[in-house]
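Per-entry structural report
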Amino acid sequence: MNSDSSYSIKVLVEPFYVEEQSVPAENRFVFAYTVSIQNLGRVPAKLISRHWIITDANGKTQEVRGQGVVGEQPYLRPGEAFQYTSGAVLDTAVGTMRGTYQMVGDDGNHFDADIPVFTLSVPRTLH
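As a starting point, this report considers the structure included with it. Keep in mind that this is a model prediction, so the values were computed, not measured.

Scoring rules and cut-offs
- Residues numbered from 1 in each chain as written.
- Predicted model: local features only at pLDDT ≥ 70, side-chain atom pairs only at ≥ 80, totals over all residues.
- Heavy atoms only, no water.
- Core = buried A, V, L, I, M, F, W, Y, C linked by side-chain atoms within 4.5 Å.
- Buried < 20%, exposed > 50% of the residue type's maximum accessible area, 1.4 Å probe, protein only.
- Helix = DSSP H or I, 4+ residues; strand = E, 2+ residues; numbered from the N terminus.
- Contact = heavy atoms within 4.5 Å.
- Pairing = 2+ DSSP bridges.
- Axes fitted to C-alpha atoms, helices over the stretch in contact; angles between N-to-C directions.
- Salt bridge = Lys/Arg side-chain N within 4 Å of Asp/Glu carboxyl O.
- Phe/Tyr/Trp six-rings, centres within 6.5 Å; stacked < 30°, edge-to-face > 60°.

Before going further, it helps to spend a moment on the nonpolar core. It is characteristic of soluble globular proteins that their nonpolar side chains tend to be buried jointly. Counting residues in hydrophobic clusters, the biggest one holds 30 residues, and the most contacted among them are Ile37, Trp52, Tyr84, Met97, Tyr101 and Met103. Of all the secondary structure elements, the ones that give two or more residues to this core are strand E1 (9-17), strand E2 (29-39), strand E3 (45-56), strand E6 (81-90), strand E7 (94-105) and strand E8 (110-121). In contact with Met97, not counting residues within four places along its chain, are Tyr33, Trp52, Ile53, Ile54, Ala88, Pro116, Val117, Phe118 and Leu120.

Here it is, written out as structure tokens:
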């Protein structure tokens with residue numbers, strides 16, 4: 001991300017296990033996650049695309065790239081936030097996700113917003 005405070009996007013992720021869609025006996029573990037994206041910078045910006053890296057406990061990695069998020073390309077003025085929920089399916093009970101959102105400011109400057117690594121994990125009570 002550009003170190004200039006004009007471009008500052010904060011990304012928070014809250015993951016959760018979706019037990020009713022998971023089939024552990026078939027190595028199918030479904031997770032959902034709610035993402036909050038907030039523009040802390042001084043320049044309005046639009047989320048153009050995403051790049052996720054999803055890794056399961058066996059080290060299997062999937063890369064997902066696409067336009068926008070959940071069919072949208074949110075436009076965030078300074079101070080504004082956008083929230084959405086999406087999901088991932090893993091072959092293991094634990095995994096991680098991380099990535100970037102590709103952004104473009106009103107001034108035409110392109111920059112990345114980092115999505116910090118977070119853990120997808122079946123709650124211990126369900127193991």
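Turning our eyes to something else, we now look at the environment of Met103. Examined against the element boundaries, Met103 turns out to sit in strand E7. A relative accessible area of 2% places Met103 in the buried class. For the pair Met103 and Tyr7, spaced 96 residues apart in sequence, the C-alpha to C-alpha distance is 9.4 Å. Discounting chain neighbours no more than four positions away, the residues touching Met103 are Ile9, Ala45, Lys46, Leu47, Ile48, Asn109, His110, Phe111 and Ala113.

Another point: the sheet that holds E6. Hydrogen bonds between backbone groups are what pair the strands of a sheet, and the pairing can be parallel or antiparallel. Strand order in the open sheet made by the three strands is E1-E2-E6, with antiparallel pairing throughout. On the outer flanks of this sheet lie E1 and E6, each paired with one strand and no other. Shown here is a sheet whose adjacent strand axes are inclined to one another by a mean of 20°, direction ignored.

Moving on, we come to the pattern of salt bridges. Pairing of side chains with opposite charge becomes possible as their charged atoms draw close. Going through the model one piece at a time under the given rule, you end up with three salt bridges. Put simply, Arg65 and Glu63 hold a salt bridge, and the shortest N to O gap is 3.6 Å. Note that Glu80 is salt-bridged to Arg77, the shortest N-O span being 3.5 Å. With a relative accessible area of 30%, Glu80 lands in the partly exposed category.

Take the packing of aromatic side chains next. Evaluated as defined, the whole model comprises seven aromatic pairs. Here Tyr33 and Phe118 contribute two aromatic rings whose centre-to-centre distance is 5.8 Å and whose plane-to-plane angle is 55°, an arrangement assigned as tilted. Here Tyr33, found in strand E2, pairs with Phe118, found in strand E8; they are 85 residues apart in sequence, far enough to count as distant. On the basis of relative accessibility, which here comes to 4%, the residue Tyr33 falls in the buried class. Here Trp52 and Phe118 contribute two aromatic rings whose centre-to-centre distance is 6.0 Å and whose plane-to-plane angle is 85°, an arrangement assigned as edge-to-face. Of this pair, Trp52 sits in strand E3 while Phe118 is found in strand E8, placing the two residues 66 residues apart along the sequence. The exposure class of Trp52 is buried, given its relative accessible area of 3%. Phe118 sits in the buried class, given a relative accessible area of 7%. One aromatic cluster is present, formed by Tyr33, Trp52, Tyr101 and Phe118 through successive ring pairs.

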